[in-house]
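# Fold and geometry: a report
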Amino acid sequence: MKYTLLELIGLASIGTVSWFVLRGVWKFLYSTFIGHALGHSLSLKNIGQWAVVTGATDGIGRAYAEELASHGLNIVLISRSPYKLQNVAAEIESQYKVKTKIIDVDFTNGIEIYDRIKKEIEGLEIGVLINNVGMSYAYPEYLAEVPNAAEFSLSLINCNVVSVTQMCILVLGQMVERKKGLILNVSSASAVLPTPLMTMYSSTKAYVYKFSEDLALEYAPLGIKIQCVLPGFVVSKMSRYKKPAFRIPLPRDFVRGHMRSLGLEFASAGFWVHKILLGYYTKLNMISPSTVVNVTFANLNGTRQRALKRIQLQQEQQKQENGVENGVENAKDK
Ligand SMILES: NC(=O)c1ccc[n+]([C@@H]2O[C@H](COP(=O)([O-])OP(=O)(O)OC[C@H]3O[C@@H](n4cnc5c(N)ncnc54)[C@H](OP(=O)(O)O)[C@@H]3O)[C@@H](O)[C@H]2O)c1
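By the naming in an unreviewed UniProt entry, the protein chain is Estradiol 17-beta-dehydrogenase 12, taken from Daphnia magna. UniProt lists a comment for the protein chain under the heading Sequence similarities (unreviewed entry), and it reads "Belongs to the short-chain dehydrogenases/reductases (SDR) family."

Structure, rendered in structure tokens:
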């Protein structure tokens, strides 16, 4: 059978596209379901006695702490609020029969907090580090309009960027000595997709992604696994989603999903729906970036406008209440 040149080009194109699609589908199925079922995902057995989790009292961080405790690891919980740390530690100890240690620090502060963390974790055999702590905007906003933008930018960088870097520096030495260890750095899907009106946040998460990518290459020959997590929306205080939905899992379901792909892929969106969405949007962004930008801009700007309206209403309500109080005071004086 003879083919014309045009037919050959057409067949080659169909073959190439089919190969890319099948490869993508196989990678998704293997890293999400098959690899784990075959026992190929990273085992936490003998990795070390302790796991350190930053931002461990709520949301995704708390879910990681509980999941790791369920694998028998003792947990160092690091967060801001001492009473929340005590409560979560007590719950983990009683439910999973493991040891815990709590460290209350505010990651928006400067480098001095790491001296304290270093002293507190000294002598512990740390097998796992989850760099989860993070903060975001109160609502999407133009850079120069973000309330207290200059001060906020420093807090954001300290909390989202410096924390990840410093915590890795603190634990890598002993992991290298034992030639084993796992570090999970929690970034965000916003690190790899256009995210106007959240520029500072998404840029800090892009740092986490690139930092993890190069660090993983640096330390792989020394036996250390470093992975980056790129979640979409998860029910939490930060996301302000209160109820789970098809594309918005509970932190527990997100983390369980992600644990199945441990060691199977460097960067993971974790939850299977997020993996499909991230795959879809990154491909669409390659084919038609303006579509992705327009959709994201419209969504985030809608959220921004609703937030600004809510703030305006609250301010008007406050003014009215102050007016009534002043009126009552004046009437009393008379
Ligand atoms: N939720 C999402 O939809 C989503 C999507 C993409 C990426 N992420 C990333 O996932 C990570 C966790 O987010 P989340 O939604 O689970 O957050 P979350 O529910 O708001 O929990 C944040 C945790 O971090 C702690 N924390 C916050 N600021 C801190 C500070 N300055 N110093 C010390 N601890 C601090 C909190 O402690 P306190 O309770 O004491 O405040 C809490 O334990 C973040 O890095 C975030 O960027 C989340």
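Now that the structure has been shown, we can carry on.
### Let's talk about the overall build of the protein chain
Each helix and strand counted, the protein chain has nine helices and seven strands in total. When the backbone C-alpha atoms are referred to their principal axes, the protein chain occupies close to 105 × 55 × 35 Å. When burial is assessed residue by residue, the protein chain has 43% of its 334 residues classed as buried. For the protein chain, the proportion of contacts with a sequence separation of at least 24, taken over those separated by at least 6, is 71%.

### Some thoughts on the site of the ligand
Surveying the vicinity of the ligand reveals 30 residues, the closest of which are Thr57, Arg80, Ser81, Lys84 and Ser236. In this structure, an oxygen atom belonging to the ligand sits 3.1 Å away from a side-chain N or O atom of serine 79. A distance of 2.8 Å separates a nitrogen atom of the ligand from a polar atom in the side chain of aspartate 106. Taken by itself the ligand offers 890 Å² of open surface, and the protein chains cover 93% of this. When residues of the shell around the ligand are traced back to their parent elements, those giving at least two are helix H2 (59-70) and helix H6 (199-219). Looking at the shell around the ligand, its residues break down into eleven nonpolar, 13 polar and six charged.

### Things to note about the sheet that holds strand E6 (residues 224-229)
An order of E3-E2-E1-E4-E5-E6-E7 is seen for the seven strands of this open sheet, with the pairing classed as parallel. Two strands bound the open sheet, and with one partner strand each, they are strand E3 (100-104) and strand E7 (267-268). Strand direction decides the pairing type here: strand E4 (residues 126-131) and strand E5 (residues 181-186), joined by four bridges, are parallel. From the neighbouring strand, valine 128 faces E5, where its bridge partner is leucine 182. Contacts from helix H3 (residues 82-96) reach strand E2 (74-79) and E3 within the one sheet, and its direction differs from that of E3 by about 170°.

### Re a nonpolar patch on the surface
A surface patch of nonpolar side chains, about 860 Å² in accessible area, is lined by Val17, Val21, Val25, Trp26, Leu29, Phe33, Phe246, Trp272 and Ile276. For the nonpolar patch, the elements supplying multiple residues, two or more each, are helix H1 (5-37) and helix H8 (272-287). For the nonpolar patch, the element with the highest residue contribution is H1, accounting for six residues. For tryptophan 272, the position within the fold is in helix H8. Owing to a relative accessible area of 34%, tryptophan 272 belongs among the partly exposed residues under this scheme.

### Details of the packing of H2 against H3
Following both chains from N to C, one finds H2 and H3 inclined at 25°, their axes separated by 10 Å at the closest point. Viewed along their axes, H2 and H3 adopt a mutual orientation that is roughly parallel. The interaxial crossing formed by H2 with H3 has right-handed handedness. Residues Arg62, Ala65, Glu66, Ala69 and Ser70 of H2 form the contact with H3, whose participating residues are Val88, Glu91, Ile92 and Tyr96. By residue class, the composition of the contact of H2 with H3 is five nonpolar, one polar and three charged.

### A look at the nonpolar core
Ile78, Phe107 and Ile117 are the most contacted members of the largest nonpolar core, which totals 41 residues. Going through the elements one at a time, strand E1 (50-54), E2, helix H4 (113-121), E4, helix H5 (149-178), H6 and E6 are the ones with two or more residues in this core. In terms of residue count, H5 provides more of this core than any other element does, ten residues in total. What isoleucine 117 contacts, discounting residues up to four positions off in sequence, is Ile78, Ile103, Val105, Phe107, Met167 and Leu170.

### As for the state of the cysteines
Under the counting rule described, the total for this entry stands at zero disulfides. Free cysteine: cysteine 159, not disulfide-bonded; nearest cysteine sulfur from cysteine 168 at 15 Å. Take cysteine 168: it sits in no disulfide, and the sulfur closest to it among the cysteines is that of cysteine 228, at 11 Å.

### What about the pairing of E4?
A large share of E4 lies buried, amounting to six of its six residues. Of the pairings in the sheet, the one linking E1 to E4 comprises four bridges and is parallel in character. Following the sheet pairing, alanine 51 is matched in E4 by valine 128.

### Topic: the pattern of salt bridges
Scanning the entire structure with this criterion turns up twelve salt bridges. With a shortest N-O distance of 2.7 Å, arginine 304 and glutamate 141 are connected by a salt bridge. On the criterion of sequence distance, the pair formed by arginine 304 in helix H9 (residues 289-333) and glutamate 141 in the loop between E4 and H5 is long-range, its members being 163 residues apart. For the pair arginine 304 and glutamate 141, a shared accessibility class is recorded, and that class is buried.

Cut-off values and rules
- Residues numbered from 1 in each chain as written.
- Predicted model: local features only at pLDDT ≥ 70, side-chain atom pairs only at ≥ 80, totals over all residues.
- Heavy atoms only, no water.
- UniProt positions renumbered as here; feature names shortened; annotations may be inferred.
- Helix = DSSP H or I, 4+ residues; strand = E, 2+ residues; numbered from the N terminus.
- Buried < 20%, exposed > 50% of the residue type's maximum accessible area, 1.4 Å probe, protein only.
- Contact = heavy atoms within 4.5 Å.
- Near = heavy atom within 4 Å.
- Polar contact = N/O pair within 3.5 Å; in protein donor to acceptor, adjacent residues only side chain to side chain.
- Areas by Shrake-Rupley, 256 points an atom, 1.4 Å probe, with all protein chains shown as cover.
- Nonpolar A, V, L, I, M, F, W, Y, C, P; charged D, E, K, R; others polar.
- Pairing = 2+ DSSP bridges.
- Axes fitted to C-alpha atoms, helices over the stretch in contact; angles between N-to-C directions.
- Patch = residues over 30% accessible without salt bridge, like charges linked within 9 Å, V, L, I, M, F, W, Y side chains within 5 Å.
- Salt bridge = Lys/Arg side-chain N within 4 Å of Asp/Glu carboxyl O.
- Parallel < 35°, antiparallel > 145°, perpendicular 65-115°, else oblique.
- Left-handed = near helix turned anticlockwise from the far one by under 90°.
- Core = buried A, V, L, I, M, F, W, Y, C linked by side-chain atoms within 4.5 Å.
- Disulfide = S-S within 2.5 Å.

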